[in-house]
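The chain contents come next:
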Amino acid sequence: MGLDIPGATGSRPDAVPLDESGAEDLLRGICFKTGPPRTVGVELEWLIHDRERPDLPVGRERLDSAVEAVRALPLSAALTFEPGGQLELSSQPAGSLMECVDTTAADLAAVRASLGAAGLAPIGLGVDPWRPPHRRLREPRYEAMEAALDRAGPAGRAMMCTSASVQVCLDAGEEEPGPLGFGRRWQLAHLLGAVLVAAFANSPFQQGRRTGWRSTRQSLWADLDPGRTLAPGSGRAPREAWAAHVLDTTVLCIRCDDGPWDVPEGLTFREWIRTGSPRPPVRADLDYHLTTLFPPIRPRGHLELRMIDAQSGPDGWLVPLAVATALFDDPEAAETVYRAVKPLAETAGSPAAPRNPLWTTAAREGLADPELRAAATVCFGAALPALERMGASGAVRDTVAAFTDRYVARGRCPADDLPEPGDLTGQSLLTGQSLLTDRSLLTGPSKPTGPVPPAGPDVPTGPVDRPTRGPERRVAGPPTIPPTSPRPGKAASA
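If you're wondering where the values come from, they're calculated on a predicted model, not measured in any experiment. (Residues numbered from 1 in each chain as written. Predicted model: local features only at pLDDT ≥ 70, side-chain atom pairs only at ≥ 80, totals over all residues. Heavy atoms only, no water.)

Asks: Hey, could you run me through the pairing of strand S1 (residues 40-50) in this one?
Replies: Within a regular strand, side chains alternate between the sheet's two faces. Burial of S1 is extensive: eleven of the eleven residues sit out of reach of the surface. The sheet contact formed by S1 and strand S5 (residues 165-170) spans five bridges and is antiparallel. Paired with Gly 41 across the strands is Cys 169, a residue of S5. Summarising the sheet, S1 and strand S3 (residues 87-90) pair through four bridges and their orientation is antiparallel. Residue Leu 44 lies in a different strand from S3, and its bridge partner there is Leu 89. As defined by bridge partners, S1 adjoins strand S4 (residues 120-123) across four bridges and the pair is classed as antiparallel. Each bridged residue has a counterpart across the sheet, and for Leu 47 the counterpart in S4 is Ile 123. (Buried < 20%, exposed > 50% of the residue type's maximum accessible area, 1.4 Å probe, protein only. Helix = DSSP H or I, 4+ residues; strand = E, 2+ residues; numbered from the N terminus. Pairing = 2+ DSSP bridges.)

Asks: Looking at this model, I keep getting lost on unusual backbone geometry. Mind explaining?
Replies: Peptide bonds are, in most cases, trans, and in most cases residues other than glycine have a negative phi. The omega angle of the peptide bond from Ser 277 to Pro 278 is 5 degrees, so this bond is cis rather than trans. In this structure, Pro 278 sits in the loop between helix H10 (269-275) and helix H11 (283-291). In the segment running from Ala 353 into Pro 354, the intervening peptide bond is cis, with an omega of 0 degrees. Positive phi, close to 50 degrees, is recorded for Gln 207, a residue that is not glycine. As for its position among the elements, Gln 207 is in the loop between strand S6 (205-206) and strand S7 (209-210). The buried category is assigned to Gln 207, whose relative accessible area is 15%.

Asks: Would you take a moment to explain the pattern of salt bridges for this structure?
Replies: Opposite charge on two side chains lets them pair, provided their charged atoms get close. Per the stated rule, a full pass over the model turns up 31 salt bridges. The salt bridge partner of Asp 416 is Arg 214, with a shortest N-O separation of 3.0 Å. Residue Asp 416 is found in the loop between helix H17 (394-406) and helix H18 (428-431), and its partner Arg 214 is found in the loop between S7 and helix H7 (216-224); the two are separated by 202 residues along the sequence. According to the relative accessible area criterion, Arg 214 is partly exposed, its value standing at 25%. Salt-bridge contacts for Glu 304 lead to Arg 306; the nearest nitrogen and oxygen are separated by 2.8 Å. Of the two residues examined, Glu 304 and Arg 306, each falls in the buried class. (Salt bridge = Lys/Arg side-chain N within 4 Å of Asp/Glu carboxyl O.)

Asks: Is there a simple way to explain helix H15 (residues 357-365) in this structure?
Replies: A turn of α-helix holds 3.6 residues, and therefore any two residues three or four places apart point the same way. By the criterion of burial, H15 is predominantly enclosed, with eight of the nine residues buried. Turning to H15, its buried residues are Pro 357, Leu 358, Trp 359, Thr 360, Thr 361, Ala 362, Ala 363 and Glu 365. Packed against the buried residues of H15 are helix H6 (182-199), H7, strand S8 (297-299), strand S9 (303-309), helix H14 (344-348) and helix H16 (370-389). For H15, the side-chain oxygen to backbone nitrogen distance between the N-cap and Leu 358 is 3.1 Å, and the N-cap itself is Asn 356. Looking one or two places after H15, you find Gly 366, whose phi comes out positive at around 60 degrees. (Contact = heavy atoms within 4.5 Å. Polar contact = N/O pair within 3.5 Å; in protein donor to acceptor, adjacent residues only side chain to side chain.)

Asks: Looking at this model, I keep getting lost on the packing of aromatic side chains. Mind explaining?
Replies: Each pair of aromatic rings is reported with the distance of its centres and the angle of its planes. Inspection of every chain in the model, using the stated rule, returns nine aromatic pairs. Taken together, a centroid distance of 5.9 Å and an interplanar angle of 85 degrees make the contact between Trp 261 and Tyr 288 edge-to-face. In this pair, Trp 261 is assigned in the loop between helix H9 (238-248) and H10 and Tyr 288 in helix H11, connecting sequence segments 27 residues apart. Judged by its relative accessible area of 11%, Trp 261 falls in the buried class. Residue Tyr 288 is classed as buried on the basis of its relative accessible area of 3%. (Phe/Tyr/Trp six-rings, centres within 6.5 Å; stacked < 30°, edge-to-face > 60°.)

Asks: Would you explain the side chain of Ser 90 in this entry?
Replies: Within the secondary structure, Ser 90 sits in strand S3. A relative accessible area of 17% places Ser 90 in the buried class.

Asks: What is the right way to read the environment of Ala 121 from this model?
Replies: With respect to the helices and strands, Ala 121 occurs in strand S4. Assessed through its relative accessible area of 2%, Ala 121 is described here as buried. Taking the C-alpha atoms as reference points, Ala 121 and Trp 46, 75 residues apart in sequence, are found 9.1 Å from one another.

Asks: Even after reading the chapter, I still don't get the nonpolar core, so can you show me in this structure?
Replies: Side chains of a nonpolar character, in soluble globular proteins, are inclined to be buried together. Counting residues in hydrophobic clusters, the biggest one holds 103 residues, and the most contacted among them are Leu 87, Leu 192, Leu 305, Trp 317, Leu 321, Leu 327 and Val 341. The element contributing the most residues to this core is H6, with twelve residues. The residues contacting Leu 87, other than those within four sequence positions of it, are Leu 44, Glu 45, Trp 46, Ile 48, Val 70, Leu 79, Thr 80, Phe 81 and Val 111. Formed by 21 residues, the second largest nonpolar core is a distinct cluster that contains Leu 137, Ala 144, Ala 155 and Trp 261. (Core = buried A, V, L, I, M, F, W, Y, C linked by side-chain atoms within 4.5 Å.)

Asks: Would you explain the pairing of S3 in this entry?
Replies: Side chains Leu 87 and Leu 89 project from S3 onto one buried face, and the interleaved Glu 88 and Ser 90 project onto a second face that is buried too. Across four bridges, the pairing between strand S2 (residues 78-81) and S3 is antiparallel. By the bridge assignment, Ala 78 is partnered in S3 with Ser 90. Remark: five residues form the turn of the hairpin made by S2 and S3, two consecutive strands paired antiparallel; Gly 85 in that turn has positive phi of roughly 95 degrees.

Asks: What's the story with the packing of H6 against helix H13 (residues 331-341) in this structure? I'm lost.
Replies: Between two packed helices, both the angle of their axes relative to each other and the distance between the axes serve to describe the pair. Between H6 and H13, whose axes approach to 10 Å, the crossing angle comes to 60 degrees. Taken as a pair, H6 and H13 cross one another with a handedness that is left-handed. Residues Arg 184, Gln 187, Leu 188, Leu 191, Leu 192 and Val 195 of H6 touch H13, and the partners they reach there are Glu 335, Val 337, Tyr 338 and Val 341. A breakdown of the residues in the contact of H6 with H13 according to their chemical character gives seven nonpolar, one polar and two charged. (Axes fitted to C-alpha atoms, helices over the stretch in contact; angles between N-to-C directions. Left-handed = near helix turned anticlockwise from the far one by under 90°. Nonpolar A, V, L, I, M, F, W, Y, C, P; charged D, E, K, R; others polar.)

Asks: Mind showing me how you'd approach the confidence of the model for the protein chain here?
Replies: The predicted structure's coordinates, where accompanied by low pLDDT, should not be read in detail. With 82% of its residues at a pLDDT of at least 70, the protein chain reaches an overall mean of 85. Here residues 1-11 scores under 50 on pLDDT; set against residues more than four positions off or in separate chains, the count is 42 contacts. This stretch, residues 425-494, has a pLDDT under 50; its non-local contacts, to residues over four places away or in other chains, come to 153 contacts. (pLDDT = per-residue confidence, 0-100.)

Structure below.
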């Protein structure tokens, strides 16, 4: 999630109020900074748990002490913490995939060692499978965010406090049309994004029970605030579509120097400009407003791919990073993948991602869906030779190939290897039989569990005829989980 913008809250007497056309010009100028793709970055979020008993909560003093030790590390990446205490590493823009992999791996090794000294470990799952939401950070931003998102239901608190992801950051692309043009990449991202949701789905549990979704995290994002988490509507050029979307999305909060921040209801940024109430917005307010929008692909000059669940094991995170970089930045792979995912637009229909049938199916079914499995087969098949052309190391290519063999070729995703909810706690966590023990989470799974669909020649590679989806397939959002009673100092259960 975006962090607060340092500096003024917009109440300085010398701040210049925005007008509507000026805001539109600013947005069009900063959302897509075009040029040949050269840099890549990654943002890794991790749940923090006890190494031996990850099902038990970590005490505040113990976690605070571990956090201070991690903050003292000389990391290349920016280190932040999410409202529920999730750790986030945001890499610097790297000049190549391998530079990004190497610097991020070094940072992670240092973080793991520091947490390990406190008996803790970073856990790569898209949603915490045990704990209800409990907000540890008390900054005004998160007080306001919680109040605003609560209006749409419990998904906001669950997203803030119990979710974790791998976010891949890529250059917007070239101004000219073609495989590396920013318009093509923008369109590709909203179709390929559903394939990435399905292939890397890794959050089938919430509060100790199976939810019915392979990616409960994605279902939470789709459910928490329709305007704030939707992609811009189709029918306009990317810059114009994004500028209109930003101005027509409601303001999450209005910052002030003293006291709690105002949380208006139903006030779009465009209306705030026009009315000038409770005070005229300035550039700092627009910059801040951008950090409160959570579409699956966020244009921040570069493209921020936000739809991928956190991945287990020491190297699980590099697979989505490597695959996404290869499919977007290698021209041959980009053209192959664009042709493979373009038919998915018919399945998606007119609703914006992630609230359309394609994205809903990806989150619920993963690669068990034949259409998504067929597209993923083409995409991962194109990624491997692209990685070689891009100079990826043998270790990176082997890791991607192993993931492809284990999951994509079998129509599976990481969520399919997780045990039943009843095995999340108890002796199985200590004997190594569960993938949620500290040993398996740090070393990665050794073999798939459960039934394995056929691989290889039986995988379809072209368009798949599928039955018409009924209304039940169009409903996004997590299944209802009975809430527990709130406790003092603790957020209500999601």
